[in-house]
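# Residue-level structural notes
In case you want the letters, here they are:
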Amino acid sequence: MASNNVVGILTSDPLYRSYFFYCSILILKMMLMSSLTGMKRMIYGVFINPEDTVMHKVKTSTNEKIERVRRAHLNDVENIPLFFVSAFIYCLTGPSVAWATLLFKTYTWCRILHTIVYAIKPLPQPSRMLVWVVGYAITGYMALSSLFYFM
Amino acid sequence: MASNNVVGILTSDPLYRSYFFYCSILILKMMLMSSLTGMKRMIYGVFINPEDTVMHKVKTSTNEKIERVRRAHLNDVENIPLFFVSAFIYCLTGPSVAWATLLFKTYTWCRILHTIVYAIKPLPQPSRMLVWVVGYAITGYMALSSLFYFM
Amino acid sequence: MASNNVVGILTSDPLYRSYFFYCSILILKMMLMSSLTGMKRMIYGVFINPEDTVMHKVKTSTNEKIERVRRAHLNDVENIPLFFVSAFIYCLTGPSVAWATLLFKTYTWCRILHTIVYAIKPLPQPSRMLVWVVGYAITGYMALSSLFYFM
């Protein structure tokens, strides 16, 4: 069947397999942020919509611990979709599998650590800044490489 | 022409056609959130930027009905891009067309209903929670399937 | 090698080269928003997390100039990922290279101008509205074209 060509090519190439693997981890990591926010809302009884407060018999309010999780989530939203796109385009510029995988793996660890030091166990700066900057540099490097390749 | 190969393969395979179709609906649905916010800002005369208030001769302010639309929009922003990526990678794992289409269609309906019960006609919980959870479970299922496939 | 097929096809077709080029610019533009926010936080000494204030010996606070940059950033987050997906799917509907490139280039300029008139040098309305609407119309046009093509 015709479609087996594209599917077969993308799913047998270790470069794209690596990309798809780390994308899947990042998707699941980012999804956990919603659950984390929901869990903390239940624990602290802090809700933002009137209809959510009914069962818990509380008023809508905000809570710094929950706002912190939401800021970590927003930081994911600002950064991770850019990784998805820039890493895919970067794959098309023909990097070595080992080098690209190193970038993807480092990026993924940086984002996991970012969540930990931001939302789970807040650590003094510059811990959060450092993990953020490494992920940012990787995305920027891949986007710049792609820019010059496709110019 | 060389490019007709990839284009031809992707655009003739019912699996990818289904994916592209539901992505297009979700893009349009998500775009409507911006228009909805803009319309409600006009109706209520509630603006967040000083330069937006000049024509309407009002001060910047916030309004719970508009904040509700913006939260629904933010929920889209947090969830729908993850669907775009996880559903594409999931297609490459070789699911049946019928099963994948069922997942895409259900997800799309859940997100449309989510907007309705959150931003258009607020309903008591757990209506919003239920439609959100089904969409979340579909994204998670596709991402986990992809993770194991490309491990 | 098998993967050279897909890579070769996508990277030699001027349509996809154009798409990858403008995506890379938009990624870099969007990344600048984080740097801009960070820089303004340093300049004004305005931070949102307690751990960020330690070095600067200030309390957490908000500042309208920084909130403005963050709103411009959020507007990118709401719109640009939709462009990435709708423009890719639109490429598969077989538009002419010249027309598609015109759309991508116009969109990219609109988003750059949007940032300038929103966050860097605030201008009276309808300047921000106009650049936003053109980008919005391009995304909507591509998504609608894709919808009818893959229906």
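These remarks concern the structure in this document. Model, not experiment: these values are computed from the prediction. (Residues numbered from 1 in each chain as written. Chains lettered and ligands numbered in written order. Predicted model: local features only at pLDDT ≥ 70, side-chain atom pairs only at ≥ 80, totals over all residues.)

Let's shift gears to the overall build of chain A. Secondary structure summary: chain A contains six helices and zero strands in total. Along chain A, helices (α) and strands (β) appear in the sequence α-α-α-α-α-α when read from the amino end. Computed over C-alpha atoms, the radius of gyration of chain A comes to 19 Å, more than 25% over the 15 Å expected from 2.2 N^0.38 for 151 residues, which places it beyond the range of a compact globule. Dimensions along the principal axes, computed over C-alpha positions, put chain A at roughly 55 × 45 × 25 Å. The proportion of buried residues among the 151 residues of chain A is 43%. (Helix = DSSP H or I, 4+ residues; strand = E, 2+ residues; numbered from the N terminus. Rg over C-alpha atoms; globule rule 2.2 N^0.38 Å. Buried ≥ 20, exposed ≤ 12 C-beta atoms within 10 Å, placed from the backbone.)

Turning to the relation of the copies chain A and chain B, a few remarks are in order. Overlaying chain A with chain B gives an RMSD of 0.0 Å, the required rotation being 120° about an axis along which the chain moves by 0.0 Å. The superposition operator between the copies reduces to a three-fold rotation axis. When the interface residues of chain A are mapped onto chain B, a mere 15% of them are again interface residues, pointing to distinct binding faces. (Least-squares fit on C-alpha atoms with pLDDT ≥ 70 in both. Contact = placed C-beta atoms within 7 Å.)

What follows deals with the interface of chain A and chain B. Each partner contributes to the interface: chain A provides 27 residues, whereas chain B provides 27 residues. Those elements that provide at least two residues to the side of chain A that touches chain B are α1 (3-12), α2 (14-44), α3 (50-53) and α4 (64-91) of chain A. It is α2 of chain A that contributes the most residues to the side of chain A that touches chain B, eleven residues altogether. Of the residues contributing to the side of chain A that touches chain B, the split by class is 18 nonpolar, six polar and three charged. (Nonpolar A, V, L, I, M, F, W, Y, C, P; charged D, E, K, R; others polar.)

Residues and elements named next belong to chain B. For helix α5 (residues 97-120), which comprises 24 residues, the first-to-last C-alpha distance of 33 Å matches the rise-based estimate of 34 Å (1.5 Å per residue) to within 8%. Considered for burial, the residues of α5 that qualify are A100, L103, F104, Y107, T108, C110, R111, H114, T115, V117, Y118 and A119. Packing partners of the buried residues in α5 comprise α2 (14-44), α4 (64-91) and α6 (127-149). (Expected span 1.5 Å × (residues − 1).)

The next subject is the environment of S145 of chain B. Positionally, S145 of chain B belongs in helix α6. In contact with S145 of chain B, not counting residues within four places along its chain, are Y90 and T93 of chain B.

For the match of chain A to chain C, the screw axis carries a shift of 0.0 Å, the RMSD comes to 0.0 Å, and the turn is 120°. Comparing interface residues between copies, only 14% of those in chain A also lie at the interface in chain C; the contact surfaces differ.

Turning our attention to the environment of N75 of chain B. All names here are of chain B. Assignment of secondary structure puts N75 in helix α4. Under the C-beta neighbour-count criterion, N75 is labelled buried, with 20 such atoms within 10 Å. Spatially, the C-alpha atoms of N75 and W132 are 9.3 Å apart, while their sequence positions differ by 57 residues.

Once that is clear, we can look at the nonpolar core. With 129 residues, the main nonpolar core has Y19 of chain A, Y19 of chain B together with Y19 of chain C as its most contacted residues. Apart from the residues lying within four places of it in its own chain, the contact partners of Y19 of chain B are A87, F88, C91 and F104 of chain B. (Core = buried A, V, L, I, M, F, W, Y, C linked by C-beta atoms within 7 Å.)

On to the interface of chain A and chain C. Counting from both sides, the interface comprises 28 residues of chain A and, opposite them, 27 residues of chain C. Breaking the side of chain A that touches chain C down by element, the ones donating at least two residues are α1, α4 and α6 (127-149) of chain A. No other element matches the eight residues that α4 of chain A contributes to the side of chain A that touches chain C. Of the residues contributing to the side of chain A that touches chain C, the split by class is 18 nonpolar, seven polar and three charged.

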